[in-house]
Amino acid sequence: MNQTYQKLLDCYESIKDRIPFSPKVALVLGSGLGNYADSMEVKAEIDYSEIKDFPVSTVPGHAGKFIFGYVGQVPVVCMKGRVHYYEGYPITDVVLPARLMKLMGAEILFLTNASGGINPSFGAGDFMLITDHISCFAPNPLIGQNIEELGLRFPDMSTVYDRELQDKIRKAAKDNDIPLKEGIYVQLTGPSFESPAEIRMLRTLGADAVGMSTVVEAIAANHMGMKICGISCVANLAAGMVEHPLTHEEVQEAANKAAPLFKQLITESIKSF
Ligand code: HPA
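Rules used in this analysis
Residues numbered from 1 in each chain as written. Predicted model: local features only at pLDDT ≥ 70, side-chain atom pairs only at ≥ 80, totals over all residues. Heavy atoms only, no water. Pairing = 2+ DSSP bridges. Helix = DSSP H or I, 4+ residues; strand = E, 2+ residues; numbered from the N terminus. Right-handed = clockwise from strand over helix to strand, strands pointing away. Buried < 20%, exposed > 50% of the residue type's maximum accessible area, 1.4 Å probe, protein only. Near = heavy atom within 4 Å. Polar contact = N/O pair within 3.5 Å; in protein donor to acceptor, adjacent residues only side chain to side chain. Nonpolar A, V, L, I, M, F, W, Y, C, P; charged D, E, K, R; others polar.

Student: What should I look at first to understand the pairing of strand E7 (residues 181-187) in this one?
Tutor: Consecutive residues of a regular strand have side chains that alternate between opposite faces of the sheet. Pairing of strand E6 (residues 127-134) with E7, which is carried by 6 bridges, proceeds in the parallel orientation. Considered in E7, the bridge of Met128 is made with Lys181. Handedness of the crossover joining E7 and strand E8 (residues 209-211) through helix H5 (residues 196-204): right-handed.

What follows is the structure, encoded as structure tokens:
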């Protein structure tokens, strides 16, 4: 059998008896949102380190576990901590957690992240509803023998981000007076931040925000037929748009500052799904 698929099935087998319910929503928590589950009614937790051969993040602030709980009435599995391609994992490992959450039963993948703002009308602390993405700077996670059990060899990517879910997120933002921008997210591999010339290129290509995650997970989830939505927290203006050099600390600080409102937006959105 395909090794990537075998690994996925092995991971699922090793934890399936500890999954307390079939989650409706799989929520990937980006920078700043690590303690989101504190506000949830938690039913179970599974440390990534307890899952055989599961990729464990090496990034400070991203240490990981699956947390199962309810947001309102909605059963949710949260990913506290995600792995990034720049950590050196094969791209199939980077998307393994998203695939595993689908096997757990999740119908919806809700992706969050911190990004650099490219659109000049954006400011640090803004939230951006992801309406589409640009994937061609990161390796495609579907390269290799197709896993027929999961999806098609040539999956359509016309509407990766579900239109109904987008409308529900817009409404949740409006009803709660939370300003929400919209735009195209581009994933680069990192770990270096972009150069100003790269940011100008990305703007020319139509990107509004740039980051180092999310798109590959969205591609793998779309391949499996999940409904996908995403919100990015613009933590900084991208390289060349501000005078000072970019640092991980600045990104984390901005993401932490925006976190209370981000959490509210996520909670109100999920309750409406
Ligand atoms: N570039 C890439 N990734 C990021 C940025 C950025 O400016 N900010 C937060 N994540």
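Student: When you look at helix H6 (residues 215-223) in this model, what are you seeing that I'm missing?
Tutor: Because an α-helix packs 3.6 residues into every turn, residues spaced three or four apart end up facing the same way. Burial analysis of H6 places 9 of its 9 residues in the buried class, the great majority of the element. Listed as buried for H6 are Val215, Val216, Glu217, Ala218, Ile219, Ala220, Ala221, Asn222 and His223. Among the residues trailing H6, Gly225 stands out with phi positive, at a value near 85 degrees.

Student: Looking at this structure, I do not really get unusual backbone geometry. What am I missing?
Tutor: When glycine is set aside, most residues are seen to have a negative phi, and most peptide bonds are trans. Residue Pro191 is reached from Gly190 by a cis peptide bond, and omega for that bond is 0 degrees. As for its placement among the helices and strands, Pro191 is situated in the loop between E7 and H5. Backbone geometry at Asp53 places phi at a positive 60 degrees, although glycine is not the residue there. Inspection of the secondary structure assignment puts Asp53 in the loop between strand E2 (41-47) and strand E3 (65-71). Residue Asp177 is not a glycine yet carries a positive backbone phi of 55 degrees.

Student: In this structure, what is going on with the site of the ligand? I would like to understand it.
Tutor: Every residue near the ligand is listed here: Ala114, Ser115, Gly116, Phe193, Glu194, Val210, Gly211, Met212, Asn236, Leu246 and Val251. Interatomic distance of 3.3 Å between a backbone N/O atom of Gly116 and a nitrogen atom of the ligand. Elements that contribute at least two residues to the shell around the ligand include exactly strand E5 (108-117) and E8. The element contributing the most residues to the shell around the ligand is E5, with 3 residues. The class makeup of the residues in the shell around the ligand is 6 nonpolar, 4 polar and 1 charged.

Student: What is the right way to read helix H3 (residues 96-103) from this model?
Tutor: The element H3 is largely enclosed, with a buried count of 6 among its 8 residues. Those residues of H3 not exposed but buried are Leu96, Pro97, Ala98, Arg99, Leu100 and Met101. Phi turns positive one or two residues past the end of H3, at Gly105, with a value near 120 degrees.

Student: Please clarify how the side chain of Asn119 should be interpreted in this entry.
Tutor: Structurally, the position occupied by Asn119 is in the loop between E5 and E6. For Asn119, a relative accessible area of 19% corresponds to the buried category. A polar side-chain atom of Asn119 sits 2.9 Å from the main-chain amide nitrogen of Ser121. A polar contact is formed between the side chain of Asn119 and the side chain of Asp208, at a distance of 3.0 Å.

Just distances and angles here, no functional claims.
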